[in-house]
There are 2 protein chains.
Amino acid sequence: MTQPPAPAADFSTAHADTLQRALTAITERSYWSQYPESPSPRVYGESAAADGQAAYEALRGARFALDGQPADGTWVATERSPFGVDLGVEYPHAGADALVAAARAGMTAWRDAGPRARVGVCLEILDRIHRHVFTLANAVQFTTGQAFVMAFQAGGAHALDRALEAVAYSYAEMTRHAATADWDKPAGKGATLSMTKTFHVVPRGVALVVGCRTFPTWNSYPGLFASLATGNPVLVKPHPGAVLPLALTVRYAREVLAEAGFDPNLVQLAAEAPGEGLATTLATRPEVRIVDFTGSSEYGDWLEEHARQAAVYTEKAGLNTVVVDSTDDFAGMCRNIAFSLTLYSGQMCTTSQNLLIPAAGIETEAGHRSFDEVAGGIAGAVAKLTADDARAVELTGAIGDERVLDRIDAARKVGAVVLDSRTLTHPAYPDAVVRSPLLVRLGAGDAEVYGSEWFGPITFLVAVDSTDAAIDVFRRTVGERGGLTAGVYSTSEAVLAAVEEAALEVGVHLSANLTGGVFVNQSAAFSDFHGSGANPAANAALTDGAYVASRFRIVQSRRHR
Amino acid sequence: MTQPPAPAADFSTAHADTLQRALTAITERSYWSQYPESPSPRVYGESAAADGQAAYEALRGARFALDGQPADGTWVATERSPFGVDLGVEYPHAGADALVAAARAGMTAWRDAGPRARVGVCLEILDRIHRHVFTLANAVQFTTGQAFVMAFQAGGAHALDRALEAVAYSYAEMTRHAATADWDKPAGKGATLSMTKTFHVVPRGVALVVGCRTFPTWNSYPGLFASLATGNPVLVKPHPGAVLPLALTVRYAREVLAEAGFDPNLVQLAAEAPGEGLATTLATRPEVRIVDFTGSSEYGDWLEEHARQAAVYTEKAGLNTVVVDSTDDFAGMCRNIAFSLTLYSGQMCTTSQNLLIPAAGIETEAGHRSFDEVAGGIAGAVAKLTADDARAVELTGAIGDERVLDRIDAARKVGAVVLDSRTLTHPAYPDAVVRSPLLVRLGAGDAEVYGSEWFGPITFLVAVDSTDAAIDVFRRTVGERGGLTAGVYSTSEAVLAAVEEAALEVGVHLSANLTGGVFVNQSAAFSDFHGSGANPAANAALTDGAYVASRFRIVQSRRHR
């Protein structure tokens, strides 16, 4: 007699309460978070930070094994840290054929496990990642260039919250109707037609997640976990510059899948060699039926155009815009804007690029402020935040993409520099590439400049004729090029309403009068939607019903009872 | 002082109970129907049938006015009844520019009305149509060629049920989270960050519905009402051969919209002149952001490829297949299959085309039946159903598309005719074009024949080596070409399970052992899904969450409290 296999872990029961709370959260959309965002020892324990850092250090300069994943015997190492430190991690490489074949092997069992079991596994993966969140935060920091606290929050806790949100939507969508139904139709003369119907949730096929350099986890997790929860095997193709955060994610996912009795190859790392173009190869494979992508508009548009066999979800570039009309807290406005421009030196897809300010100035609680005074107020607040290099780098982090540096140089020449970008020295990492924000004044006629995206710490203060003219520019530029966030400052309800109407027309999320601890470039899981799918910056929102509903299909069978 | 406008009708309160019942139905998916399917005078009253017929007769030979809709002054009349009677109805014509501009005019007010009001209007439209369901049934009968009872049911009551189902899904999707939320995030030291957030439902843009000849209402209503309920103006482009049912629909919709205080041009008829290609013009307009289509795979694929600015929902052609393995009710099986083949002379997108039968025959409750006995049993049942012309035409209806007649001729030559198609004479309409089903025997090697769709009363009895071989053919042909329905007859749970597994793989809905009053080609609203989106026959299901979720977007605004 052969030994029966060890009983697989039941993770759905263990995480039932979390799922229930998350399901409530996605309907209420008020404040809730599952994963504490504070890296404080009071929350995570005295040794958590040091343990996580040590675990991260142990990964450096070594091969990152993913046992059981297909491998062609070559190893790839493509990361260069924006902090100027050496990562030297090598990842196993495999070709598209091997990855796709391995992904499909476990698909039927994963499908047949059903929504509850799959969601249980996903929640255990999130829990497992969370247990190693300091390790992950270090990996995010040193690949993306984010400062540690941001890497911990955006790359760790918030990314996990977004993943949980996507899993909750997936569960709700898969279970919005009965899994089986008795159907009894009166057929006249007391007779009844009686059938039993089964509504199977079937996956689309292999899912591909194409990660970005700046937010490898936050931007990849919703698609990754929505696809996995709905029954699809997932190939995770990281940006060559930010592999480690997703490699860790894949490792924990595979661990949990195996413990639950499923094929770990349901989640695989698709690390690529330099110039290999593995995303393009995979995205156009007939077996690949879902693609999630964050990155450039150019490649996002290419995917939408060419990966026709797949449902393609893209988050691309846009023109995030703030209309400045008036304020009753001038200093608060300047500080708030300055903080949002400085955070991660403008390398968020949600950072404002265009500040539209009336050339004649604005009204404030302390009287009229000219355009130059408004510009000076914002510039002064940025200068204050970045005055001390050692403190500044904890906000700005570092810059990994050399094209950002070229763009700063180019932006200096397109208008009048209001605040120049400085080179900052990181006290701990002397080779870190750090720049403070650049503020440039433009005229309303410079649409060829502010009408394109200048990704990085580059902000245009555009002098417009009036607030009405600002709204026109807003409507035109965001309508044509898209945007993920918009802001408005005004003491007039009529202006707030007019900007809100324009925001609805061009489909961009709007924040009004932020002067405190909430910033236009931040969105909270379970409450704020990220992206809308209603303008060219993204063809979907993370996360809503539409984001998950097409990741699976219902196939029914029926027979008489 | 000017007179205040008359208060607009509040239809949401009037239909609140219906909505609630429908919302329950789409989660339970057991039997429920809002619109009685029996045209009996006991249900609809003694005069309903005569009144409806008279109303239909009054429309013939006249101009069908749609007051307030843009018109270029020309009128189009493109219908030719399969029953050989003259309709002679002329419809107002307008160009794409005028239609699109008029559609957009009322969009903002419709958006701002919100989900509850919009859904109320949609339910009142359905009620209004239902009050004229006999008129509609006559219009469906004489344009599509369906026999009266089928036109009443599929074209009237069932179409309305499907519309209500789509409206319920739309409402559920738009309201699955709070419309506004208070967000209070602990900010340390007893402080709280407090915001109010508003989640606006915004439409995608102008929606286009491209109708088909055979099911102008049933196949158009889900998309039409899902788009309208979610805030999109709708252009209804009927098939030139079946305009009247949708013209009536548009008329009632416009009536209700106006009564509710909205722009009636939110629903417009886009009747086209012969050869105009209006669907193509409209589908590729930048303002058109949703397209719903039912019809040929060729044009459906074209739309998916070219209407890239829009969300495109298509239902196309496929290979509906039945695996015959064994039965414990041979006569019931033959009768059931025969009825489904005869109904509307096979002109349903759900009619079986390929019956896969082991060449060595099958086991039945009365012992072994050879292939020829099985074929003979089915052929005999069809012959019996169609023996009497006067009775037969109430099942078969008439054929409107001459290509179907050519196809019957061609099909006679591709294999051995088991039962020839007969020309039937309609007692009431001598010019009606009526044909009984053609049954042709093929071998498993004739894949180039049965691997393509032969729309119309054409069925292939394919002799396969075994049930396993049948499942292989099923998996291959439906996987490659798609299918909307599949059937299996077997007394073996193992065979039923194997066919079900194959059906899940190729994403087709399966009916097992139908021998009574349920037929493979019929699907019940609120219970059965129609199409799956999981194979080439359709890229979406009517109706589920995925069918409605992308017809609108959430755009949020937030500010501090």
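Where an unreviewed UniProt entry is consulted, chain A appears under the name Dehydrogenase, with the organism given as Pilimelia terevasa.

Here we take up the overall build of chain A. Tallying secondary structure elements over chain A gives 20 helices and 21 strands in all. Taking 2.2 N^0.38 as the reference for a compact globule, 561 residues should give roughly 24 Å; the C-alpha atoms of chain A span a radius of gyration of 25 Å, in line with that estimate. Taking the principal axes of its C-alpha atoms as reference, chain A extends roughly 85 × 70 × 45 Å. Taking all 561 residues of chain A together, the buried fraction comes to 62%.

As a further point, take the state of the cysteines. For the coordinates displayed, the defined rule picks out zero disulfides over all chains. No disulfide involves C212 of chain A; its nearest neighbouring cysteine sulfur is the one of C349 of chain A, lying 7.4 Å away.

Residues and elements named next belong to chain A. Domain parsing of chain A yields domain 1 (41-180 + 193-316 + 541-560) and domain 2 (321-512). A straight line from the C-alpha centre of domain 1 to that of domain 2 covers 33 Å. The partner domain 2 presents 21 residues to the 17 residues of domain 1 that form the contact. Across the domain 1 to domain 2 interface the summed buried area is about 1,300 Å²; carbon plus sulfur atoms make up 62%. Between the two partners, domain 1 and domain 2, sit zero salt bridges. Here domain 1 and domain 2 share four residue pairs in polar contact (both at pLDDT 80 or more) between them. Within the residue set of the side of domain 1 that touches domain 2, elements represented by two or more residues are α7 (133-144) and α8 (148-174). Across the side of domain 1 that touches domain 2, the residue classes tally to eight nonpolar, five polar and four charged.

Aligned on chain A, chain B shows an RMSD of 0.0 Å; the corresponding rotation is 180 degrees and the shift along the axis is 0.0 Å. Viewed as a symmetry operation, the transformation between the two copies matches a two-fold axis. A shared binding surface is used by both copies, with 100% of the interface residues of chain B retained as interface residues in chain A.

Facing the 72 residues of chain B at the interface are 72 residues of chain A. Between chain B and chain A, roughly 6,000 Å² of surface is buried when both sides are summed, and carbon and sulfur atoms account for 49% of that area. It is Y31, R176 and R558 of chain B that lose the most area in chain B upon contact with chain A, and together they represent 12% of the buried surface on that side. Where chain B touches chain A, the interface holds 14 salt bridges. Connecting chain B to chain A are 46 residue pairs in polar contact (both at pLDDT 80 or more). The leading source of residues in the side of chain B that touches chain A is strand β21 (residues 552-560) of chain B, at eight residues. Its residues placed into classes, the side of chain B that touches chain A shows 30 nonpolar, 21 polar and 21 charged. Both strand β20 (residues 509-512) of chain A and β21 of chain B contribute to a ladder of three bridges, which runs parallel. Of the residues in β21 of chain B, the one forming a bridge with S511 of chain A is R558 of chain B.

The next subject is the sheet that holds strand β5 (residues 206-210) of chain B. Residues and elements named next belong to chain B. Strands sit in the order β7-β6-β5-β8-β9 across an open sheet of five strands; the sheet is parallel. Both edges of this open sheet fall to β7 (267-269) and β9 (311-315), since each of them pairs with a single strand only. Taking each pair of neighbouring strands and ignoring which way they run, the sheet shows an average axis angle of 15 degrees. Bridge analysis of strand β8 (residues 288-294) against β9 gives five bridges, and the strand direction is parallel. Bridging from a neighbouring strand, F293 pairs with T314 of β9. Where helix α9 (residues 221-229) meets the sheet, its contacts fall on β5, β6 (234-237), β7 and β8, and the angle it forms with β6 comes to roughly 165 degrees. Packed onto the sheet, helix α10 (residues 244-259) meets β6 and β7 and runs at close to 150 degrees relative to β7.

Looking now at the packing of aromatic side chains. Using the criterion set out here, one finds 42 aromatic pairs over all chains in the structure. Both rings, one in W183 of chain A and one in Y31 of chain B, keep their centres 6.0 Å apart while their planes meet at 75 degrees; by these two values the pair is edge-to-face. Here the residue W183 of chain A occupies a position in strand β3 (residues 180-186), and Y31 of chain B occupies one in the loop between α2 (16-28) and α3 (41-44), the pair thus bridging two chains. Looking at W183 of chain A, the relative accessible area reads 5%, which means it is buried. Ring geometry for F293 of chain A against Y299 of chain A: centres 5.4 Å apart, planes inclined by 75 degrees, an arrangement best described as edge-to-face. Each residue in the set Y44, F134, F148 and F152 of chain A is aromatic and connected to the rest through ring pairs, giving one cluster.

Turning our eyes to something else, we now look at the pairing of strand β4 (residues 192-203) of chain A. For a regular strand, the rule is simple: side chains alternate between the two faces of the sheet. All names here are of chain A. Taking burial as the measure, the twelve residues of β4 include nine buried ones, the bulk of the element. The pairing of β3 with β4 spans seven bridges and is classified as antiparallel. If you follow P186 over to β4, its bridge partner there is T192. Counting the residues in the hairpin turn of β3 and β4 gives five residues, including G188, whose phi is positive at 85 degrees.

With that settled, consider the sheet that holds strand β8 (residues 288-294) of chain A. Residues and elements named next belong to chain A. Pairing is parallel in the open sheet, where five strands are placed in the order β7-β6-β5-β8-β9. The open sheet has two edge strands, β7 (267-269) and β9 (311-315), and neither has a second partner. Mean inter-strand twist for the sheet, computed between neighbouring axes without regard to direction, equals 15 degrees. For strand β5 (residues 206-210) and strand β6 (residues 234-237), the ladder comprises four bridges, and the chain directions are parallel.

This part takes up the nonpolar core. Counting residues in hydrophobic clusters, the biggest one holds 200 residues, and the most contacted among them are Y91, F225 and L244 of chain A together with Y91, F225 and L244 of chain B. Not counting residues within four places of it along the chain, the set of residues in contact with F225 of chain A comprises C122, I125, L126, I129, A163 and V167 of chain A.

By secondary structure assignment, the location of L59 of chain B is in helix α4 (residues 48-59). Non-local contacts of L59 of chain B, meaning those with residues more than four positions away in its chain, are made with F64, V89, T135, L244, L248 and R251 of chain B.

Residues and elements named next belong to chain B. Considering the arrangement of structural elements, one finds T364 in strand β12 (residues 362-364). A polar contact is formed between the side chain of T364 and the backbone nitrogen of A366, at a distance of 3.0 Å. Engagement of the side chain of T364 in a polar contact is seen with the backbone oxygen of G367, the distance being 2.7 Å. Non-local contacts of T364, meaning those with residues more than four positions away in its chain, are made with T327, F330 and R369.

Moving on, we come to unusual backbone geometry. Backbone torsion omega between L542 of chain A and T543 of chain A reads 0 degrees, so that peptide bond is classified as cis. Tracing the sequence through the fold places T543 of chain A in the loop between β20 and α20 (545-549). With a phi close to 55 degrees, Y344 of chain B is a non-glycine residue in the positive phi region. Within the secondary structure, Y344 of chain B sits in the loop between α13 (330-342) and β11 (354-358). Under the relative-accessibility criterion, Y344 of chain B is labelled buried at 0%.

This part covers the pattern of salt bridges. Residues and elements named next belong to chain A. A full pass over the atoms with the stated rule returns 64 salt bridges over all chains. A salt bridge links R412 to D420; its shortest N-O distance comes to 2.6 Å. When salt bridges with common partners are traced through the structure, they connect E124, R128, R131, E255 and E259 into a single cluster.

Rules used in this analysis
- Residues numbered from 1 in each chain as written.
- Chains lettered and ligands numbered in written order.
- Predicted model: local features only at pLDDT ≥ 70, side-chain atom pairs only at ≥ 80, totals over all residues.
- Heavy atoms only, no water.
- Helix = DSSP H or I, 4+ residues; strand = E, 2+ residues; numbered from the N terminus.
- Rg over C-alpha atoms; globule rule 2.2 N^0.38 Å.
- Buried < 20%, exposed > 50% of the residue type's maximum accessible area, 1.4 Å probe, protein only.
- Disulfide = S-S within 2.5 Å.
- Domains from an automatic or database assignment.
- Contact = heavy atoms within 4.5 Å.
- Buried area = accessible area lost by both parts, 1.4 Å probe.
- Salt bridge = Lys/Arg side-chain N within 4 Å of Asp/Glu carboxyl O.
- Polar contact = N/O pair within 3.5 Å; in protein donor to acceptor, adjacent residues only side chain to side chain.
- Nonpolar A, V, L, I, M, F, W, Y, C, P; charged D, E, K, R; others polar.
- Least-squares fit on C-alpha atoms with pLDDT ≥ 70 in both.
- Pairing = 2+ DSSP bridges.
- Axes fitted to C-alpha atoms, helices over the stretch in contact; angles between N-to-C directions.
- Phe/Tyr/Trp six-rings, centres within 6.5 Å; stacked < 30°, edge-to-face > 60°.
- Core = buried A, V, L, I, M, F, W, Y, C linked by side-chain atoms within 4.5 Å.

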